[in-house]
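Letter by letter, the chains look like this.
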Amino acid sequence: MAEELQVTQKHELATGSGELTREGPYFSPAVDIYGNETELVLLADMPGVTSDQVEIDLREDVLTVLGKMKVDDNGEELLSEYRTGSYFRSFRVTDMIDQSKITATMSDGVLKLVMPKVEKAVPRKIPITTD
Amino acid sequence: MLRWRIGRDPLWTEFDRLQTSMNDLFNALTSGGPKPFFDPLWREARLFPLLNVREIDHTYVITAEIPGMKTEDLEIKVVGDTLTLKGERKPIDIGEGAAYHRRERATGTFHRSMTLPSRVDPDTVKATYKDGVLSITLEREKAAVPKQITVSTE
């Protein structure tokens, strides 16, 4: 039997921090990072964000993820337990990652970044052929 | 299993306001450094998933953020004026030989009921799951929609 899910509050980013000059609240998405010898995978929870509203930027070894969200405010609000807003988080990418091969997909509100590692300088055996 | 009524106890709102102003005061005195993040006081009493409810033209729209779910792991039931949500957010298969470097995304089961402000028509209940957001629309029962009665004079 799996454990019961606990409520976790969204972590709102402090206003005026870093590059955030846009309006509205920004939250830091929860992430998982896992990997093996050949690649690293990053998963970020950004519910409500469609794939065309995600911006991924990589410069000077810093990977920035921005998920913009439109806030729906039709009708009358009866209960508001969670807040909605955009998502922002940045990561430092080490030189272990092949930055040109990073791929991103978005499904069911989860962003998946696959970051292949640089191929190691595997010592290659050079066959010697005899004439 | 706990049931929650729509509408927050005004006492908690007052406590929350008090806590916020105390935090502001504390920050002003200790100025400098990033502003710490404080959870609201009622956090412990809350159940997953957190819900937002809106009413649009006699229809309740209930939304919950549950990213990365499979719809077959989700069960929604409506009886009278009670909505029940049950499900499991399963851990993903990271493959053999892989290890976690960071793990913040929670997994597990959940079960939550909510009493709606009025009875709903069970035949009109619709649920959609898009971009990790579950949204359930429930139409108020015809009898529960207030009727305007005009007084006629003879």
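All of these numbers come straight from a predicted model, not from anything done at the bench.

The rules behind the values
Residues numbered from 1 in each chain as written. Chains lettered and ligands numbered in written order. Predicted model: local features only at pLDDT ≥ 70, side-chain atom pairs only at ≥ 80, totals over all residues. Pairing = 2+ DSSP bridges. Helix = DSSP H or I, 4+ residues; strand = E, 2+ residues; numbered from the N terminus. Axes fitted to C-alpha atoms, helices over the stretch in contact; angles between N-to-C directions. Contact = placed C-beta atoms within 7 Å. Nonpolar A, V, L, I, M, F, W, Y, C, P; charged D, E, K, R; others polar.

K.L.:
Got a minute to help me understand the pairing of strand β6 (residues 62–67) of chain A in this structure?
P.N.:
Along a regular strand, successive side chains alternate from one face of the sheet to the other. All names here are of chain A. As judged from the six bridges shared by strand β5 (residues 54–59) and β6, these two strands associate in the antiparallel manner. Each bridged residue has a counterpart across the sheet, and for R59 the counterpart in β6 is V62. In this structure, the hairpin formed by β5 and β6 is closed by a connection of two residues, where E60 is found at a positive phi of approximately 50°. Direction of pairing for β6 relative to strand β8 (residues 86–92): antiparallel, over a ladder of six bridges. Its bridge partner being in β8, L66 is matched across the sheet by F88.

K.L.:
So what exactly am I meant to see when it comes to the sheet that holds strand β3 (residues 31–35) of chain A here?
P.N.:
One key point about sheets: their strands pair by backbone hydrogen bonds, in either a parallel or an antiparallel sense. With respect to topology, five strands assemble into an open sheet ordered β9(A)-β10(A)-β4(A)-β3(A)-β6(B), the strand pairing being antiparallel. Of all strands in the sheet, those with a lone pairing partner are β9 (103–107) of chain A together with β6 (99–103) of chain B, marking the two edges. The average undirected angle you get between the axes of adjacent strands in this sheet is 15°. Judged from the seven bridges that link them, strand β4 (residues 39–45) of chain A and strand β10 (residues 110–116) of chain A form a sheet pairing that is antiparallel. When the bridges of β10 of chain A are listed, V41 of chain A appears paired with V114 of chain A.

K.L.:
Looking at this structure, I do not really get the interface of chain A and chain B. What am I missing?
P.N.:
Accessible area lost when the parts come together is the quantity often used to give the size of an interface. Between chain A and chain B, the contact holds 36 residues from the first and 43 residues from the second. When contributions to the side of chain A that touches chain B are tallied by element, the ones reaching two or more residues are β1 (11–12), β3, β4 and β7 (76–80) of chain A. Of the residues that constitute the side of chain A that touches chain B, the class distribution is 15 nonpolar, 12 polar and nine charged. Bridging between β7 of chain A and strand β2 (residues 51–56) of chain B involves four bridges; their strand directions are antiparallel. Within the sheet, the bridge partner assigned to L79 of chain A lies in β2 of chain B and is V53 of chain B.

K.L.:
What should I look at first to understand the sheet that holds strand β9 (residues 133–139) of chain B in this one?
P.N.:
An order of β7(A)-β2(B)-β3(B)-β9(B)-β8(B) is seen for the five strands of this open sheet, with the pairing classed as antiparallel. Of all strands in the sheet, those with a lone pairing partner are β7 of chain A together with β8 (126–130) of chain B, marking the two edges. When the angles between neighbouring strand axes are averaged without regard to direction, this sheet yields 20°. Where β8 of chain B meets β9 of chain B, five bridges bridge the pair, whose relative direction is antiparallel. Within β9 of chain B, the residue paired with Y129 of chain B across the bridge is L134 of chain B.

K.L.:
Sorry, what's going on with unusual backbone geometry here?
P.N.:
A negative phi angle characterises most non-glycine residues, just as the trans form characterises most peptide bonds. For the peptide bond that leads from F48 of chain B to P49 of chain B, omega is -5°, which places it in the cis range. On the secondary structure map, P49 of chain B appears in the loop between α1 (10–29) and β2. For D108 of chain A, which is not glycine, the phi torsion reads 50° and is therefore positive. Secondary-structure assignment places D108 of chain A in the loop between β9 and β10. Positive phi values are uncommon outside glycine, yet H58 of chain B reaches one of about 60°. By secondary structure assignment, the location of H58 of chain B is in the loop between β2 and β3 (59–65).

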